[in-house]
Amino acid sequence: MAFGATALTFVAVFLASGTPVPLYNTYRADDGVTSAGLAVTTVVYLATTAVALLTTGRLSNHVGRRPMAVGAALCAAAGCLVMLEVHDLGLLLIGRMLQGIACGVASSALGSYILDLAPRRPAWLGPVITSNAPPFAIPLGALVSGLLVQYGPAPTVFIYTVVAALLVVLAVVVAFCPETVDRRPGALRSLIPRVLVPAGQGRLLFAVGAGLAGTWALTGFYQAFSPVLAADELGTTNAFIVALVFSSIVILSPIGGLLTGRWRAPSAMRVGLIVFVIATAAVLITLHLAAIWWFLAASAFAGIAQGSANAGGMRAVLGEAAPGDRAGLLATLYLISYAGAAAPGLVAGRLATFMAPDQIAYGYGVLVLIAAVVAIVALRGAQRAASRP
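Residues numbered from 1 in each chain as written. Predicted model: local features only at pLDDT ≥ 70, side-chain atom pairs only at ≥ 80, totals over all residues. Heavy atoms only, no water.

**Observations regarding the overall build of the chain**
Counting secondary structure elements, the chain contains 16 helices and 0 strands. Its C-alpha atoms give the chain a radius of gyration of 20 Å, near enough to 21 Å, the size a compact globule of 389 residues would have. Relative to its full complement of 389 residues, the chain shows a buried share of 59%. Considering only contacts within the chain whose residues lie at least 6 apart along the sequence, 86% involve residues at least 24 apart. Carbon and sulfur atoms form 70% of the exposed surface of the chain, whose accessible area is close to 15000 Å². (Helix = DSSP H or I, 4+ residues; strand = E, 2+ residues; numbered from the N terminus. Rg over C-alpha atoms; globule rule 2.2 N^0.38 Å. Buried < 20%, exposed > 50% of the residue type's maximum accessible area, 1.4 Å probe, protein only. Contact = heavy atoms within 4.5 Å. Areas by Shrake-Rupley, 256 points an atom, 1.4 Å probe, with all protein chains shown as cover.)

Here it is in structure tokens:
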């Protein structure tokens, strides 16, 4: 039961961060938030998550997994409550910052909690959840939100109220779950930003990090520009279609992790990245043709490939990690992921003032190709180094 409760809470925290996306066109039309402002909102969310990972990534080793997990759920709920009052860019940024803090804490503390409580068989279950739950839950939240915004009552209120209530209930449930680590001194010292690289894993971590950065960069583009893409490039302002466009890139990512769960981790990562590059090219072609259904199909194909690449990479890094290193390693991996999404998003936000989203998408395509090549070459080098006596 504890494993299920922590896994569900992990999903719910990230689900909450996807709920504002279908409302972005509403904020544009009713509250004067520009496309560039929406891109900045995404960058602020990603950057806040990265800062939370840097500072709190190892804190659960000292104060316990359970209080950190409860705190992440309550912080995500607070973000939803702030969103109830959004009428300008400022409140939207505050709400996204709270959601970013929650996701940063959850990525390390809740992710480690799940790995601690995961059953021994199948061995891949814990890593698949920790690697695929965030990119799956965020678009799932957007889809649920899109349905309620388009067809339900009180579009700017109802979804946030429901998700906040769910998070509070889950926080109470997790509060009664067993603790998996012994508290030890050094909590304040653990807040000093530090990137954990276990001895002998530098090359492997670089390879996996390059793959994560490339795949998350493209998902960051979808998060920032899906409302604009749907409205300006694909010809629809339907909130559910906006959510569908955003979610299409990652909603099927767990399938990729499950399909290749029994493969050797490097093989799953390598094949996933190759297919992801091919799917990204298909995304760019269908976007140029404004063929929305083919665009969604290509995006879904890319999401499956992303699930294989990211789950394989995380299995490779976490497979031999000691329990005490899990929180720090997860924080490092997610820090790379969020930085990989935030840095291009910052540039894209600047470019959005004078470039169309489809033109910006071509730049992301080049970035994906470069990151995949670097990751595959580095992975081969890491395997060769590991095979030497």
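On we go.
**Notes on the side chain of serine 247**
Topologically, serine 247 is positioned in helix 11 (residues 239–247). A polar atom in the side chain of serine 247 sits 3.3 Å from the backbone oxygen of leucine 244. (Polar contact = N/O pair within 3.5 Å; in protein donor to acceptor, adjacent residues only side chain to side chain.)

**Some words on empty space enclosed by the protein**
Under the counting rule described, the total for this entry stands at 4 cavities of 30 Å³ or more. Each pocket or cavity is described by its volume, and for the largest cavity that value is around 140 Å³. Along the walls of the largest cavity sit 14 residues, with Pro135, Ile138, Trp216, Thr219 and Gln223 positioned nearest its centre. Counting residues per element, the ones that place at least two in the lining of the largest cavity are helix 3 (35–56), helix 7 (125–151), helix 10 (202–233) and helix 15 (323–351). Split into classes, the residues belonging to the lining of the largest cavity amount to 11 nonpolar, 3 polar and no charged. (1 Å grid on protein atoms, 1.4 Å probe; cavity = no way out; pocket = protein on both sides within 12 Å on 5 of 7 lines; lining within 4 Å. Points joined across faces, edges and corners; volume = space filled by probe spheres on them. Nonpolar A, V, L, I, M, F, W, Y, C, P; charged D, E, K, R; others polar.)

**Some points on the nonpolar core**
Counting residues in each nonpolar core, the largest one holds 125 residues, and the members touching the most others are Phe10, Phe225 and Tyr338. Among the elements that line this core, the one with the most residues is helix 10, at 15 residues. Excluding anything up to four places from it in sequence, phenylalanine 225 contacts Ala39, Ala348, Ala352, Pro357 and Ile360. (Core = buried A, V, L, I, M, F, W, Y, C linked by side-chain atoms within 4.5 Å.)

**With respect to the packing of aromatic side chains**
For the coordinates displayed, the defined rule picks out 5 aromatic pairs. Between phenylalanine 221 and tyrosine 222, the aromatic rings sit 6.1 Å apart at their centres with planes inclined by 85 degrees, giving edge-to-face as the arrangement. The pair phenylalanine 221 / tyrosine 222 is uniform in exposure class, with both members buried. In this arrangement the basic side chain of arginine 96 is found over the ring face of tyrosine 45, its NZ or CZ atom lying 4.3 Å from the centre. (Phe/Tyr/Trp six-rings, centres within 6.5 Å; stacked < 30°, edge-to-face > 60°. Lys NZ or Arg CZ within 6 Å of the ring centre and 35° of its normal.)

**Structural notes on the environment of tyrosine 338**
For tyrosine 338, the position within the fold is in helix 15. Under the relative-accessibility criterion, tyrosine 338 is labelled buried at 1%. Between the alpha carbons of tyrosine 338 and leucine 53 there is a distance of 9.5 Å; along the sequence they are 285 residues apart. Not counting residues up to four positions away in its chain, the partners in contact with tyrosine 338 are Phe14, Tyr45, Leu46, Thr49, Ala50, Leu53, Cys103, Ser107 and Trp216.

**Description of the pattern of salt bridges**
Scanning the entire structure with this criterion turns up 1 salt bridge. Arginine 65 is the partner of aspartate 116 in a salt bridge, and the nearest nitrogen-oxygen pair spans 2.8 Å. Of this pair, aspartate 116 sits in helix 6 (residues 89–117) while arginine 65 sits in helix 5 (residues 65–83), and the two are 51 residues apart along the sequence. (Salt bridge = Lys/Arg side-chain N within 4 Å of Asp/Glu carboxyl O.)

**Section: the confidence of the model for the chain**
Fine structural detail should not be taken from predicted coordinates in areas where pLDDT scores are low. Here the chain averages 83 in pLDDT, and 93% of its residues register 70 or above. Confidence scores differ between elements of the chain, with helix 9 (residues 187–190) showing the lowest mean pLDDT of 72 and helix 8 (residues 158–174) the highest of 93. (pLDDT = per-residue confidence, 0-100.)

**Side note on the environment of leucine 379**
Tracing the backbone through its elements, the reader meets leucine 379 in helix 16 (residues 357–387). For leucine 379, a relative accessible area of 2% gives the class buried. Between the alpha carbons of leucine 379 and methionine 269 there is a distance of 9.0 Å; along the sequence they are 110 residues apart. In contact with leucine 379, other than residues within four places in its own chain, are Leu204, Ala207, Pro266, Met269 and Arg270.

**Let's talk about helix 2 (residues 24–31)**
Turn by turn, an α-helix covers 3.6 residues, leaving residues three or four places apart pointing in a common direction. For helix 2, the full list of buried residues reads Tyr24, Asn25 and Tyr27. An end-on view of helix 2 places all buried positions within 165 degrees of arc, on one side of the element. Seen from the buried face of helix 2, the exposed residues on the opposite side, beyond 90 degrees, are Ala29 and Asp30. Glycine 32 sits one or two positions beyond helix 2 and adopts a positive phi of about 75 degrees. (Arc of directions from axis to C-beta.)

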